[in-house]
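One-letter residues, chain by chain:
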Amino acid sequence: MKKLAKVSVSQLAVLEIINMADEIVVNANDAETGVKSEDEAANRYLLEVDDAKKALDVATKNVTSDPYTQEVRAADKKRDVAISAYRRQLRVYEYDADAQKVQAFFRLDALWKTHKDLTSLNDKAQTSGIENFLLDSGQEPYRTDNTQLALVPFLENIQTANAGFKTVVGRQDAGKSVKVHYDNKALRKSLEKAITNYSQYILAMANAYPDRDDFDKLLSLLNVTRKKYGELVTRRRKKGDKPEEEPTE
């Protein structure tokens with residue numbers, strides 16, 4: 001049974017996932033190797049990867065050329081960092097020697113899991129999601145649990161960061177710039193989905209039709225790219241580094 005090389009696409013920086021998608025498309029259309037498939041579905045999935053890559057590439061270039069949008073991105077990043085800080089501090093208590101603190105952890109962890117997709121939402125939805133999370137966190141027993149685990153300052157940081165983001169977005173001249181940034185998270189998710197769909201289809205066809213050279217070659221080239229970027233993520237994790245552009249999770 002053939003398999004896909006492992007890669008955590010969501011852990012790639014924006015430019016990395018764009019480059020990965022570009023390599024997938026270029027390799028699959030390489031006329032010199034004769035690898036291009038005549039399979040309509042494969043080509044349709046590949047076109048979706050190419051279209052999603054181009055859309056994200058254009059949006060990314062627009063963002064980096066717009067000073068106001070950069071301000072929006074910086075404000076959004078502060079929210080993501082504040083959320084991550086709360087989550088990491090909460091995890092400290094999972095194995096605490098104090099049984100009551102452990103119980104508080106599990107209650108708060110269960111609450112968090114109902115809001116865990118916060119940082120992967122587009123900015124407008126994330127703003128509302130944070131407000132709902134903070135509202136839930138202020139209800140009992142979570143309010144007492146957060147106080148017991150000294151997490152209230154982390155919640156206040158999230159609230160401050162969210163308020164700061166809303167201030168930036170609320171400016172009258174924000175319209176066009178903010179819309180570009182709102183689209184970026186959705187565009188990235190579309191590209192991640194397109195890469196996954198293409199990869200799974202090629203794998204399925206390579207296993208279903210082992211005698212077809214086109215699917216075998218496509219899978220081989222695809223795995224070269226997936227392995228390359230998978231190793232990039234692994235090296236970064238071992239070193240404790242982060243991509244220059246924080247991935248959306």
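Within each chain, residues carry numbers counting from 1 in the order of the written sequence. At least 70 in pLDDT is required for a residue's local features to be given in this predicted model, at least 80 for side-chain atom pairs to be given and counted, and no such filter applies to totals for whole chains, interfaces and linings, which use all residues. Side-chain figures throughout are based on the complete set of non-hydrogen atoms in the structure, without hydrogens or water.

Considering the environment of Asn184
Applicable threshold: Secondary structure elements are defined from DSSP: runs of H or I of at least 4 residues count as helices, runs of E of at least 2 residues count as strands, and each element is numbered from the N terminus. Each residue is placed in one exposure class: buried if its accessible area under a 1.4 Å probe, protein chains only, is under 20% of its type's maximum, exposed if it is over 50%, and partly exposed if it falls in between.
Tracing the backbone shows Asn184 in helix α8 (residues 175-208). Asn184 gets classed as buried once you look at its relative accessible area, which sits at 13%. Remark: the alpha-carbon pair of Asn184 and Leu56, spanning 128 residues in sequence, is separated by 6.7 Å.

Here's the deal with the environment of Leu47
Here Leu47 lies in helix α2 (residues 40-64). The spatial distance from the C-alpha of Leu47 to the C-alpha of Val25 is 8.1 Å, given a sequence separation of 22 residues.

Focus on the layout of surface pockets
Unoccupied space between atoms shows up once a probe the size of one water molecule is rolled over them. Stated formally: Lining residues are those with an atom within 4 Å of a point, where the points come from a 1 Å grid over the protein atoms alone and group into cavities, where a 1.4 Å probe fits but cannot get out, or pockets, open sets with protein on both sides within 12 Å along at least five of seven lines. Grid points are joined across faces, edges and corners, and a volume is the space filled by probe spheres set on the points. Only Asp, Glu, Lys and Arg are considered charged, only Ala, Val, Leu, Ile, Met, Phe, Trp, Tyr, Cys and Pro nonpolar, and every remaining residue, Gly among them, polar.
The calculated volume of the second largest pocket comes to roughly 170 Å³. Every residue along the wall of the second largest pocket is listed here: Leu134, Leu135, Ser137, Gly138, Arg143, Asn146, Thr147, Val152, Leu155, Glu156 and Gln159. Broken down by secondary-structure element, the contributors of at least two residues to the lining of the second largest pocket are α5 (123-137), α6 (142-148) and α7 (152-169). In terms of residue count, α7 provides more of the lining of the second largest pocket than any other element does, four residues in total. For the lining of the second largest pocket, the per-class residue count stands at four nonpolar, five polar and two charged.

Focus on α5
Three or four residues apart is the spacing at which side chains of an α-helix point the same way, because the helix has 3.6 residues per turn. Applicable threshold: Each residue after the first adds 1.5 Å to the expected span of a helix.
Across its 15 residues, α5 extends 21 Å between first and last C-alpha, which sits within 8% of the 21 Å expected from 1.5 Å per residue. Where α5 is concerned, the buried positions are Asp123, Gln126, Thr127, Gly129, Ile130, Phe133 and Ser137.

Quick look at the packing of α5 against α7
We apply this condition: To define axes, lines are fitted to C-alpha atoms, for helices over the stretch in contact only, and angles between the resulting N-to-C directions are given on a 0 to 180 degree scale. An angle below 35 degrees is read as roughly parallel, one above 145 as roughly antiparallel, one from 65 to 115 as roughly perpendicular, and any other as oblique. In this scheme the handedness of a crossing depends on how the near helix is turned from the far one: anticlockwise by less than a right angle means left-handed, clockwise means right-handed. Any pair of residues with heavy atoms lying within 4.5 Å of one another is described as a contacting pair.
One way to put it is that α5 packs onto α7 with a least axis distance of 10 Å and a crossing angle of 150°. One element, α5, and the other, α7, form an angle in the roughly antiparallel class. For α5 against α7, the interelement crossing comes out left-handed. Each of Asp123, Thr127, Ile130, Glu131, Phe133, Leu134 and Ser137 in α5 lies in contact with α7, whose residues at this interface are Leu155, Ile158, Gln159, Asn162, Phe165 and Lys166. Classifying every residue of the contact of α5 with α7 gives six nonpolar, four polar and three charged.

Focus: the side chain of Asp76
Stated precisely, the cut-off is as follows: As used in this structure description, the phrase polar contact means that two N or O atoms lie within 3.5 Å; if the pair is within protein, one of them must be able to donate a hydrogen and the other to accept it, and residues adjacent in sequence are counted only when both atoms belong to side chains.
With respect to the element layout, Asp76 can be found in helix α3 (residues 67-91). Residue Asp76 is classed as buried on the basis of its relative accessible area, which comes to 4%. Among the polar contacts made by the side chain of Asp76, one reaches the side chain of Arg79 at a distance of 3.0 Å.

Brief notes about the nonpolar core
For soluble globular proteins, nonpolar side chains are generally found buried alongside one another. Our working rule: In this text, buried Ala, Val, Leu, Ile, Met, Phe, Trp, Tyr and Cys residues form a nonpolar core when linked through side-chain atoms within 4.5 Å.
If you look at the biggest cluster of nonpolar residues, it comprises 32 residues, and the most contacted ones within it are Tyr198 and Ile202. Put simply, the parts of the chain that give this core at least two residues each are α1 (14-28), α2, α8 and α9 (213-239). No other element matches the nine residues that α8 contributes to this core. Apart from the residues within four sequence positions on either side, Ile202 is in contact with Ala42, Phe215, Leu218, Leu219 and Leu222. In this structure, Ile83, Tyr93, Leu108 and Ile130 belong to the second largest nonpolar core, which totals 17 residues.

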